[in-house]
Structures are given as C-alpha cells and as structure tokens.
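Descriptive structure summary
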Amino acid sequence: MEAMDNNNACSIVPDGLRIEVHLQPGARREAFAGMYGERLKIAVSAPPVDGRANCAVIRFLADFFGVAARNVELISGEKSRDKKFLIRGNSAELMEKVKEVLP
C-alpha cells in the first residue's frame, strides 16, 4: 500500500518514491517550475526528440536527489508530457528532499 503525501505529486512506495511530473521540454534552463495541476512541473532544455527530454529529466532528478541515474526509472509516459518516475532509495530521505520544492 502506498503512503501519499498531502501533495499528490509524490508518494512513498516500497522501493523509494514515486513522482508524477509534467515535463516542459525545450526550456531555457533546467529547473523545477512549480506545479501543473497535481503534478510537479520540471523544465528541461532538451527537445522532445528521440527520448532526449526523458534522459534530461532523469539526469535532473538523479542530481537533485543525489542518486545514480540508474536509480531513476521512467514508469509511465514515455511519449507524453505527463510522466511517472520511481526514485529508488530511502523513502523518508527522498520525501524530505522533494518537500524542498513542493508548495
């Protein structure tokens, strides 16, 4: 069973943290850009071509959470702006880190 944070953008799962993201490819810089509905909006400079934006957001999330890129898995939304990622690691530590950017 998943424990939900009071913000639906992220939830604790057995392997770590699941994050729901709205991706903005082709941005000027890579950054968290607030919320988009109930999803965390992330802007990346890579274009949405040949999976480059997906790779960019995986690197961005890995850097933010301080984990290896192999611990960030795209679990849905490969060809959509709305995506779900699994960040593998200590759930409590990951949740504390993501609270830094949640409203």
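Note that this is a predicted model, so its numbers are computed, not measured.

1. Thoughts on the nonpolar core
Ranked by internal contacts, the top residues of the largest apolar core, which has 28 residues, are L17, I19, L61, F65, I87 and V98. Listing elements by their share of this core, those giving two or more residues are β3 (16–24), β5 (39–43), α1 (52–65), β7 (82–88) and α2 (91–98). Here this core takes 9 residues from α1, the largest share from any one element. Dropping the residues within four chain positions of it, V98 is found in contact with C10, L17, I19, L40, F64 and F65.

2. Structural notes on the side chain of K83
With respect to the helices, strands and loops of the structure, K83 is situated in strand β7. Nearest to the buried, unbridged K83 among oppositely charged side chains is E78, at 8.0 Å. Looking at K83, its side chain comes within polar contact range of the main-chain oxygen of G77, at 2.6 Å. Ignoring any residue separated from it by four or fewer positions in sequence, one finds K83 in contact with I19, E20, V21, L23, R39, N54, L74, S76, G77 and E78.

3. Considering the pattern of salt bridges
Applying the stated criterion to the full structure yields 6 salt bridges. Between R39 and D82 there is a salt bridge, and its shortest N-O distance comes to 3.8 Å. Here R39 is found in strand β5, whereas its partner D82 is found in strand β7, with 43 residues between them in sequence. The salt bridge involving R88 is made with E73; its shortest N-O contact spans 2.5 Å.

4. Here's the deal with the confidence of the model for the chain
In regions of low pLDDT, the predicted coordinates are not meant to be interpreted in detail. The share of residues in the chain with pLDDT of 70 or more is 93%, and the mean pLDDT across the chain is 91. Across residues 1–6, confidence stays below pLDDT 50; counting only partners more than four residues off in sequence or on other chains, it has 12 contacts.

5. Some words on α2
By the burial criterion, the buried members of α2 are S91, L94, M95 and V98. Take α2 and look down its axis: the buried residues cluster within an arc of 100°, on one side only. The backbone nitrogen of A92 lies 3.0 Å from a side-chain oxygen of the residue at the head of α2, namely N90.

6. Side note on the packing of aromatic side chains
Taken as a whole, this structure holds 3 aromatic pairs when the rule is applied. Both rings, one in F32 and one in F64, keep their centres 4.8 Å apart while their planes meet at 75°; by these two values the pair is edge-to-face. With F32 in strand β4 (residues 31–36) and F64 in helix α1, the pair connects residues that are 32 residues apart, well separated along the chain. Taking relative accessible area as the criterion, F64 reaches 17% and is therefore assigned buried. Plain terms: the ring middles of F64 and F65 are 4.9 Å apart, the flat faces sit at 85° to each other, and that makes the pair edge-to-face. By the ring-pair criterion, three or more aromatic residues cluster together here, those being F32, F60, F64 and F65. In this arrangement the basic side chain of K97 is found over the ring face of F64, its NZ or CZ atom lying 4.9 Å from the centre.

What counts and how
Residues numbered from 1 in each chain as written. Predicted model: local features only at pLDDT ≥ 70, side-chain atom pairs only at ≥ 80, totals over all residues. Heavy atoms only, no water. Core = buried A, V, L, I, M, F, W, Y, C linked by side-chain atoms within 4.5 Å. Buried < 20%, exposed > 50% of the residue type's maximum accessible area, 1.4 Å probe, protein only. Helix = DSSP H or I, 4+ residues; strand = E, 2+ residues; numbered from the N terminus. Contact = heavy atoms within 4.5 Å. Lys, Arg positive; Asp, Glu negative; His and termini not counted. Salt bridge = Lys/Arg side-chain N within 4 Å of Asp/Glu carboxyl O. Polar contact = N/O pair within 3.5 Å; in protein donor to acceptor, adjacent residues only side chain to side chain. pLDDT = per-residue confidence, 0-100. Arc of directions from axis to C-beta. Phe/Tyr/Trp six-rings, centres within 6.5 Å; stacked < 30°, edge-to-face > 60°. Lys NZ or Arg CZ within 6 Å of the ring centre and 35° of its normal.

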